[in-house]
Amino acid sequence: MAFISVRAEDFDVASENEALALADQQAGAVVNFVGLVRGGDIAAMTLEHYPGMTEKALAAIVADAQRRWQLQAVRVIHRIGRLLPGERIVYVGVASRHRQAAFAACEFIMDYLKTEAPFWKREETAAGSHWVDARESDDHARDRWQSSPGATPSAVRAGPK
Amino acid sequence: MAFISVRAEDFDVASENEALALADQQAGAVVNFVGLVRGGDIAAMTLEHYPGMTEKALAAIVADAQRRWQLQAVRVIHRIGRLLPGERIVYVGVASRHRQAAFAACEFIMDYLKTEAPFWKREETAAGSHWVDARESDDHARDRWQSSPGATPSAVRAGPK
Amino acid sequence: MSLRVLYFAGLRDALGCAHEEAAADGIGNVDDLRRQLAGRGGPWLALLEHKSLKVAVNQAMASLTTPLGDGDEVAFFPPVTGG
Amino acid sequence: MSLRVLYFAGLRDALGCAHEEAAADGIGNVDDLRRQLAGRGGPWLALLEHKSLKVAVNQAMASLTTPLGDGDEVAFFPPVTGG
């Protein structure tokens, strides 16, 4: 069971989690990720996408996750348009019987979404607006899943304090 | 910034996430885990704890996570008492600038909570009630964090489909 | 043959073009199309010079060697930055 | 010396005792206490026989060799199963 939505409207994390849990009473673990517009220098952020391809790319990523792990339900919502600091950009929610599968699948979906789904961010700052550059670290985050299907690669999530 | 609560009352995931995000405007990533009472054979589940020690154990686990990763905010809520299938048991929410740290810290906290925090579950089924046995896999999940501080160990979150 | 060609984000801004119907005779694959379009000169040279340009054919990630046929939808864009 | 001793979950049910004040003279560490209590026989032998019994001293995880002093709080319990 998977739900994918690309839209301007905000989402409510509690309602999304309810929908995940209701999809299958056997789910003991729900992991979700929410991406926010960071404060600081940014006045606003505009998300553009490639209508049609976006939904297909997200569906393919979710299907890949469902092949790798036993998941009860997956929900992905990605907003588009102009967002202010603190606003929610993306929700990925995964329900599974076991927490390891839920954590792994949620992170997997985010890593692929960041590198394979056709969204682009333009930031507005006091100095004007500019397109955000892709980060090489996002490619690395994705690539670590390719070494062995279904496994989490080593020493990649270290916190460089 | 950390908030820890052990209590009978339910929590609202959206409100908890709001509190996480408000704690620091620099948080771009919020990861949370919600553990639910699974349906199926279980009629209800009662959670007992060791008052006083529980809060200390959770605080120590959260402090350890905060040393390993750069986290903007952490919230942990664990319910006690009698819960029905589908009810929420535990919430762990982590806000960070970067998603890798948020995912890793959230999973780390759950792995330690499962093995170090003094909670015990008693299940009620049609056949009577019994204390839930600890799972060896939970010890293994915890131990994989001990090889190298701040790192995720390899091949542990594979989904045994 | 005829192709629908789309441009996104910074590339679209640089080209001043979001999409076009391109007559594309003698085009076998994405690389052929890219070279033909770059032949317009000026900002279109970005199609050759952009270090990490991405391409999708019929809304799936593709590469320079992906073959093209009549009516295909081809999109050029910079590396994605959503999430 | 005097110790406050607590029992939790299945162990408490088996012993029929949630907590007690134990007079514990000649007790140096957790293992000494455990043996003294097991000396009561019957269900108390679980303190010796339980394969994976856990212990906390003053609300921190401890081991059989953790030293004990007057007024300490000692808790015995099965492996935890929260979350």
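No experiment lies behind these values; they were computed from the predicted model shown. (Residues numbered from 1 in each chain as written. Chains lettered and ligands numbered in written order. Predicted model: local features only at pLDDT ≥ 70, side-chain atom pairs only at ≥ 80, totals over all residues. Heavy atoms only, no water.)

**Overview of the interface of chain A and chain C**
Let me state the cut-off plainly: By the convention used here, residues are in contact when the closest approach between their heavy atoms is within 4.5 Å. Buried area: the accessible area, evaluated with a 1.4 Å probe, that two parts lose upon being put together, summed over both parts. Salt bridges, as used here, are contacts in which a Lys or Arg side-chain nitrogen is within 4 Å of a carboxyl oxygen on Asp or Glu. Polar contact is the term for a pair of N or O atoms within 3.5 Å; when the atoms are in protein, one must be able to donate a hydrogen and the other to accept it, and sequence-neighboring residues count only if both atoms are side-chain atoms. Counting from the N terminus, the helices are the DSSP runs of H or I reaching at least four residues and the strands are the DSSP runs of E reaching at least two.
Of the residues lining the interface, 25 residues belong to chain A; the matching set on chain C comes to 20 residues. Here chain A packs against chain C, burying approximately 1,700 Å² in sum over the two surfaces, 58% of which is carbon and sulfur. The interface formed by chain A and chain C includes one salt bridge. The partner of Arg12 of chain C in a salt bridge is Glu48 of chain A, with the nearest N and O atoms 2.6 Å apart. Counting every contact that joins chain A to chain C gives 13 residue pairs in polar contact (both at pLDDT 80 or more). Where the side of chain A that touches chain C is concerned, the elements lending two or more residues are β3 (44–49), α2 (53–68), β6 (88–96), α3 (99–116) and β7 (119–125) of chain A. For the side of chain A that touches chain C, the element with the most residues is α3 of chain A, which contributes five residues.

**Overview of the nonpolar core**
In plain terms, the rule: Take the buried Ala, Val, Leu, Ile, Met, Phe, Trp, Tyr and Cys residues and link them wherever side-chain atoms come within 4.5 Å; each set so joined is a nonpolar core. Buried means the residue's accessible area, taken with a 1.4 Å probe over protein chains only, is under 20% of the maximum for its type, while exposed means over 50%, and partly exposed covers the values in between.
Within the largest apolar cluster, 74 residues are counted, with the highest numbers of intra-cluster contacts made by Ile109 of chain A together with Ile109 of chain B. For Ile109 of chain A, the residues in contact, after removing those within four places along its chain, are Ile61, Val62, Ala65, Val74, Val76, Val92 and Val94 of chain A. Of all hydrophobic cores here, the second largest spans 24 residues; its members include Val13, Val30 and Ile77 of chain A together with Ala73 of chain B.

**Observations regarding the environment of Leu15 of chain C**
Inspection of the secondary structure assignment puts Leu15 of chain C in helix α1 (residues 9–15). Classification of Leu15 of chain C by relative accessible area gives buried; the value is 9%.

**Observations concerning helix α2 (residues 30–38) of chain D**
Residues and elements named next belong to chain D. How we decide: Read the arc as the range of directions from the helix axis to the C-beta atoms.
Inspection of α2 places Val30, Asp31, Leu33, Arg34, Leu37 and Ala38 among the buried residues, and these make up the whole buried set. Along the axis of α2, the buried residues cluster in a sector spanning 160°; they form a single face. Contact partners of the buried residues in α2: β1 (2–7), β2 (19–23), α3 (46–49), β3 (54–57) and β5 (73–77). For α2, the N-terminal capping position is held by Asn29, with its side-chain oxygen 3.1 Å away from the main-chain nitrogen of Asp31.

**Description of the arrangement of the chains**
Most contacts, compared over the three pairs of chains touching, are made between chains A and B. At their nearest point, the C-alpha atoms of chain B and chain C are still 10 Å apart, with no contact between the two.

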